[in-house]
Amino acid sequence: MTHRHLQIVVCAAGPAADVTQLITNATQQSWTTAVTATPSALDFIDAEAIERLTGHPVRSTYRSSDRIHRSLPVADALIIAPATYNSVNKIALGIADNYALTTVAELIGRQVPTVVVPFVNAALASRAPFQRAVADLRDERVRVFLGTDHGWEPHPAGSGSSRQTAFPWAAALEAATRMASGAPANGTNQG
């Protein structure tokens, strides 16, 4: 079976602590993986566990150290999950003010199949800037999991911790796999 490479970007939200579920599932499906974290996301993840699973250090800065090899396999797909309100807005606007968002901007620009799974509350999701950001990303052929048609709803304010275990890691991987194989992400379209 051919190995494909999945680049994962995690942002600072509760489900980031469970990104190892995505890594394990992807590995079982013959993907290689690497994780890039926004600077704030480092407080949410177990970098050592991720490094053991992926074989790559978690990246979060431009600065290189002796133990970080700058070269990763070419990405066949990108999953940004969990994506925060702030990160979704920045990605749509092309703001690359940290290493993770620069990586995302470049991979989307290279037209690497991309899946974004926001973890936002309903109040934030109702904001016009966020709605425009989601629409703009979808216009760029980015699959954004948000809304009833996509099987993932914003949660009521203050209830995020109760939604963490339902985070759609498997669905995000399935969509990325379909996109990387050239099939529509949800069977009909990429929205």
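In case you missed it, the structure is sitting above this.
Residues numbered from 1 in each chain as written. Predicted model: local features only at pLDDT ≥ 70, side-chain atom pairs only at ≥ 80, totals over all residues. Heavy atoms only, no water.

Student: Mind showing me how you'd approach the overall build of the protein chain here?
Tutor: Check the secondary structure of the protein chain and you find eight helices and five strands. Listing every helix and strand of the protein chain by position from the N terminus yields β-α-β-α-β-α-α-β-α-α-β-α-α. Put simply, the protein chain has 191 residues, and 50% of those count as buried. Considering only residue pairs separated by 6 or more positions, the protein chain has 73% of its internal contacts joining residues 24 or more positions apart. (Helix = DSSP H or I, 4+ residues; strand = E, 2+ residues; numbered from the N terminus. Buried < 20%, exposed > 50% of the residue type's maximum accessible area, 1.4 Å probe, protein only. Contact = heavy atoms within 4.5 Å.)

Student: What is the right way to look at the nonpolar core in this model?
Tutor: Where a protein is soluble and globular, its nonpolar side chains tend to be buried together. Judged by nonpolar contacts, the single largest core of 31 residues is most densely connected at Leu6, Ile8, Val10, Ile79, Val115 and Val117. Of all the secondary-structure elements, those providing two or more residues to this core are strand 1 (4-10), helix 1 (19-28), strand 2 (31-37), strand 3 (77-83), strand 4 (114-118) and helix 8 (169-180). Considering every element that reaches this core, the biggest residue donor is helix 8, with six residues. The contact partners of Val117, leaving out residues within four places of it in the chain, are Ile80, Ala81, Pro82, Ala83, Phe145, Trp152, Phe167, Pro168 and Ala172. (Core = buried A, V, L, I, M, F, W, Y, C linked by side-chain atoms within 4.5 Å.)

Student: Would you explain the side chain of Thr36 in this entry?
Tutor: Counting through the fold element by element, Thr36 comes out in strand 2. For Thr36, the side chain forms a polar contact with the side chain of Gln7, separated by 3.0 Å. What Thr36 contacts, discounting residues up to four positions off in sequence, is Gln7, Ile8, Val9, Val10, Arg59, Tyr99 and Ala100. (Polar contact = N/O pair within 3.5 Å; in protein donor to acceptor, adjacent residues only side chain to side chain.)

Student: Looking at this model, I keep getting lost on the pattern of salt bridges. Mind explaining?
Tutor: For side chains bearing opposite charge, pairing can occur when the charged atoms are close. The final tally for this structure, using the stated rule, is two salt bridges. The shortest N-O distance in the salt bridge between Lys90 and Asp97 comes to 2.7 Å. For Lys90, a relative accessible area of 17% gives the class buried. Using a relative accessible area of 47% as the deciding quantity, one classes Asp97 as partly exposed. Its salt-bridge partner being Arg110, residue Glu106 comes within 2.3 Å of it at the nearest N-O pair. When its relative accessible area of 41% is taken as the criterion, Glu106 is described as partly exposed. (Salt bridge = Lys/Arg side-chain N within 4 Å of Asp/Glu carboxyl O.)

Student: Would you take a moment to explain the packing of helix 3 (residues 85-93) against helix 6 (residues 128-139) for this structure?
Tutor: Angle between the axes and distance between the axes: these two values describe a pair of packed helices. Contact geometry of helix 3 with helix 6 gives a least axis separation of 9 Å together with a crossing angle of 50°. When the axis of helix 3 is compared with that of helix 6, the two are oblique. As helix 3 packs across helix 6, the resulting crossing turns out to be left-handed. When helix 3 is examined against helix 6, the residues Tyr85, Val88, Asn89, Ile91 and Ala92 are found in contact with a partner set consisting of Pro129, Phe130, Ala133, Val134, Asp136 and Leu137. Grouping the constituent residues of the contact of helix 3 with helix 6 by class yields nine nonpolar, one polar and one charged. (Axes fitted to C-alpha atoms, helices over the stretch in contact; angles between N-to-C directions. Parallel < 35°, antiparallel > 145°, perpendicular 65-115°, else oblique. Left-handed = near helix turned anticlockwise from the far one by under 90°. Nonpolar A, V, L, I, M, F, W, Y, C, P; charged D, E, K, R; others polar.)

Student: For this particular structure, what's the right way to read helix 6?
Tutor: Along an α-helix, a turn takes 3.6 residues, which lines up residues three or four apart on a common side. Relative to the 16 Å expected for 12 residues at 1.5 Å per residue, helix 6 spans 16 Å between its end C-alpha atoms, a close match to the ideal helical length. For helix 6, the secondary structure elements touched by its buried residues are helix 3, strand 4, helix 5 (122-125) and strand 5 (143-144). One or two steps after helix 6, the chain reaches Arg141, where phi turns positive at roughly 70°. (Expected span 1.5 Å × (residues − 1).)

Student: Hey, could you run me through the sheet that holds strand 5 in this one?
Tutor: Backbone hydrogen bonds hold the strands of a sheet together, and the pairing may be parallel or antiparallel. Taken in spatial order, the five strands of this open sheet run 2-1-3-4-5, and their pairing is parallel. For this open sheet the edge positions go to strand 2 and strand 5, each flanked by a neighbour on one side alone. (Pairing = 2+ DSSP bridges.)

Student: Is there a simple way to explain the pairing of strand 1 in this structure?
Tutor: Where a strand is regular, its side chains alternate between the two sheet faces. When you tally the buried positions in strand 1, you get six out of seven residues, the bulk of the element. Note: strand 1 against strand 2, seven bridges, orientation parallel. Considered in strand 2, the bridge of Gln7 is made with Ala34. Note on the crossover from strand 1 through helix 1 to strand 2: the handedness is right-handed. (Right-handed = clockwise from strand over helix to strand, strands pointing away.)

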